[in-house]
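Descriptive analysis of the structure
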Amino acid sequence: MRMRKRRNLSPRMEKCAELLIADGFENKGKWRELYPEYDNIYIELGCGKGRFTADTAETMPKTLLLAVELVADCMIVAMERIKERGIENVRFINGDAKTLAELFAEGEADRIYINFCDPWPKSRDAKFRLTAPSFLRIYADVLPLGGQIHFKTDNTPLFDWSVERMSEEGWVLSEVTHDLHKDGQCGIMTDYEAKFTAEGMKINRLVATKTEKTLTTAAGTPARLRNSSLTDARGYEQSVQVNAQKERA
């Protein structure tokens with residue numbers, strides 16, 4: 001999704017400076033020491049405009065929610081949302097999933113949220129999907145036994161592919177659904193989730209829990225992904241339409 005350039009980005013970022021962790025790499029292994037007032041540390045990969053971030057943080061005041069977002073023009077909207085609502089248990093890190101191993105020590109985070117990530121539909125780009133084995137092993141490093149990934153997407157082919165990869169990597173899956181809001185709103189929504197649910201789109205969701213059988217980076221480099229195109233998977237045409245709408249938003 002293309003993000004419009006935000007006006008006056010630098011001064012806006014300065015006004016929210018207390019919410020931004022400028023060099024999170026220095027905090028590796030020290031997060032609980034630096035924030036002893038919180039019982040848990042949750043990570044959100046890609047916070048978008050921050051609706052999910054803000055609403056989740058408000059329901060969990062004893063949890064530190066670290067929103068990791070690569071696009072500053074997107075992150076500033078979320079930061080301003082948090083500041084305006086006076087939410088104190090959120091901090092932002094300008095980075096992406098690849099940097100998690102440099103930001104967090106082994107077992108240092110308790111949960112990871114992945115909401116509506118880029119599906120990267122071509123087989124050659126499958127390694128970039130946030131549920132690809134290489135990323136799953138990084139998540140397994142930073143989560144303890146019993147730690148969880150909460151994953152949501154409107155892209156059914158990506159979801160089905162992710163279910164297979166997570167199972168192969170030794171995660172235990174639960175709460176797996178292809179129609180999360182079938183009986184009404186279930187849980188906290190992102191901005192896009194609310195929009196597309198209102199338009200009748202189905203939302204997929206699962207929880208993946210780390211066990212002793214879950215593979216970490218210690219297991220080595222995952223095998224090369226082959227035949228991983230999403231174009232032949234169930235729900236592809238619907239996903240194309242949704243992503244086209246996102247591009248126009």
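Residues numbered from 1 in each chain as written. Predicted model: local features only at pLDDT ≥ 70, side-chain atom pairs only at ≥ 80, totals over all residues. Heavy atoms only, no water.

1. Focus on the overall build of the protein
Under the convention used in this document: A helix here means a DSSP run of H or I that spans at least four residues, while a strand means a run of E at least two residues long, and both kinds are numbered starting from the N terminus. Only heavy atoms matter for contacts: two residues are in contact if any of them lie within 4.5 Å across the pair. For accessible areas, the Shrake-Rupley method is used with a probe of radius 1.4 Å. Any residue's cover is judged against the shown protein chains and nothing else.
Within the protein, the regular secondary structure consists of nine helices and seven strands. Considering only contacts within the protein whose residues lie at least 6 apart along the sequence, 80% involve residues at least 24 apart. Of the roughly 12,500 Å² of accessible surface on the protein, 49% is carried by carbon and sulfur atoms.

2. Focus on the nonpolar core
Stated precisely, the cut-off is as follows: Buried Ala, Val, Leu, Ile, Met, Phe, Trp, Tyr and Cys residues form a nonpolar core when they are joined through side-chain atoms within 4.5 Å. Each residue is placed in one exposure class: buried if its accessible area under a 1.4 Å probe, protein chains only, is under 20% of its type's maximum, exposed if it is over 50%, and partly exposed if it falls in between.
In terms of nonpolar packing, the biggest core is built from 39 residues, with Leu45, Leu100, Tyr139 and Ile149 touching the most fellow members. When residues of this core are traced back to their parent elements, those giving at least two are β1 (40-45), β2 (63-69), α5 (100-103), β4 (111-115), α6 (133-142), β5 (148-153), α7 (156-168) and β7 (204-209). Here the element with the most residues in this core is α6; it accounts for six residues. Setting aside anything within four residues of it in sequence, one finds Tyr139 in contact with Leu45, Ala97, Leu100, Ile112, Ile114, Leu130, Ile149 and Trp171.

3. With respect to the state of the cysteines
Cysteine pairs can be linked by a disulfide, which is a covalent bond between their two sulfur atoms. Applied cut-off: Criterion for a disulfide: a pair of cysteine sulfur atoms within 2.5 Å.
If you walk through the whole model with that rule in mind, you get zero disulfides. Looking at Cys47, it has no disulfide partner, and the nearest cysteine sulfur is the one in Cys74, 5.8 Å off. A residue is classified by how much of its surface remains accessible, and Cys47, at 6% relative accessible area, is buried.

4. Observations concerning the side chain of Arg137
Within the secondary structure, Arg137 is located in helix α6. Ignoring any residue separated from it by four or fewer positions in sequence, one finds Arg137 in contact with Glu169, Leu215, Thr216, Thr217, Ala219, Gly220, Thr221 and Pro222.

5. Structural notes on the sheet that holds strand β3 (residues 90-94)
Put simply, the rule reads: Between any two strands, pairing holds if DSSP finds at least two bridges. To get an axis, a line is fitted to the C-alpha atoms, and for a helix only the part in contact is used. The angle between two axes follows their N-to-C directions and goes from 0 to 180 degrees.
Read from one edge of the open sheet, seven strands run β3-β2-β1-β4-β5-β7-β6, paired in mixed fashion. Every interior strand has two partners, whereas the edge strands, β3 and β6 (172-177), have only one. Along the sheet, successive strands turn relative to each other by an average axial angle of 20 degrees, direction set aside. Pairing of β5 with β7, which is carried by six bridges, proceeds in the antiparallel orientation. Within β7, the position partnered with Phe151 by the bridge is Leu206. The strands touched by α6 are β1, β4 and β5; relative to β4, the strand with the most contacts, the crossing angle is about 150 degrees.

6. Description of the pattern of salt bridges
Using the following cut-off: A pairing counts as a salt bridge when a side-chain nitrogen of Lys or Arg comes within 4 Å of a carboxyl oxygen of Asp or Glu.
Across all of its chains, the model carries eleven salt bridges by this definition. Residue Arg85 is joined to Glu58 by a salt bridge in which the shortest nitrogen-to-oxygen separation is 2.6 Å. Highlighted residues: Arg85 in helix α4 (residues 72-85) and Glu58 in helix α3 (residues 51-59), separated in sequence by 27 residues. Owing to a relative accessible area of 44%, Glu58 belongs among the partly exposed residues under this scheme. Glu168 is the partner of Arg165 in a salt bridge, and the nearest nitrogen-oxygen pair spans 3.0 Å. One end of the pair is Arg165 and the other is Glu168, both in helix α7 and three residues apart, which spans about a single turn.

7. Points about the environment of Leu173
For Leu173, the location among the structural elements is in strand β6. Residue Leu173 is classed as partly exposed on the basis of its relative accessible area, which comes to 23%. Excluding residues within four positions of it along the chain, Leu173 makes contact with Val163, Met166, Ser167, Leu206, Val207 and Ala208.

8. Points about the environment of Arg137
Here is the rule: Any N or O atom pair separated by 3.5 Å or less is treated as a polar contact, with the protein-specific requirement of one donor-capable and one acceptor-capable atom, and with residues adjacent in sequence counted only for side-chain atom pairs.
With relative accessibility at 8%, the residue Arg137 sits in the buried group. Taking the C-alpha atoms as reference points, Arg137 and Thr214, 77 residues apart in sequence, are found 8.1 Å from one another. Within polar-contact distance, the side chain of Arg137 engages the side chain of Glu169 at 2.7 Å.

9. Quick look at unusual backbone geometry
Positive phi values are uncommon outside glycine, yet Phe116 reaches one of about 55 degrees. Assignment of secondary structure puts Phe116 in the loop between β4 and α6. Look at Phe116 and you get buried, because its relative accessible area is 14%. A positive phi is found at Asn227, a non-glycine position, where the angle reads about 50 degrees. Locating Asn227 in the fold gives a position in the loop between β7 and α9 (236-248).

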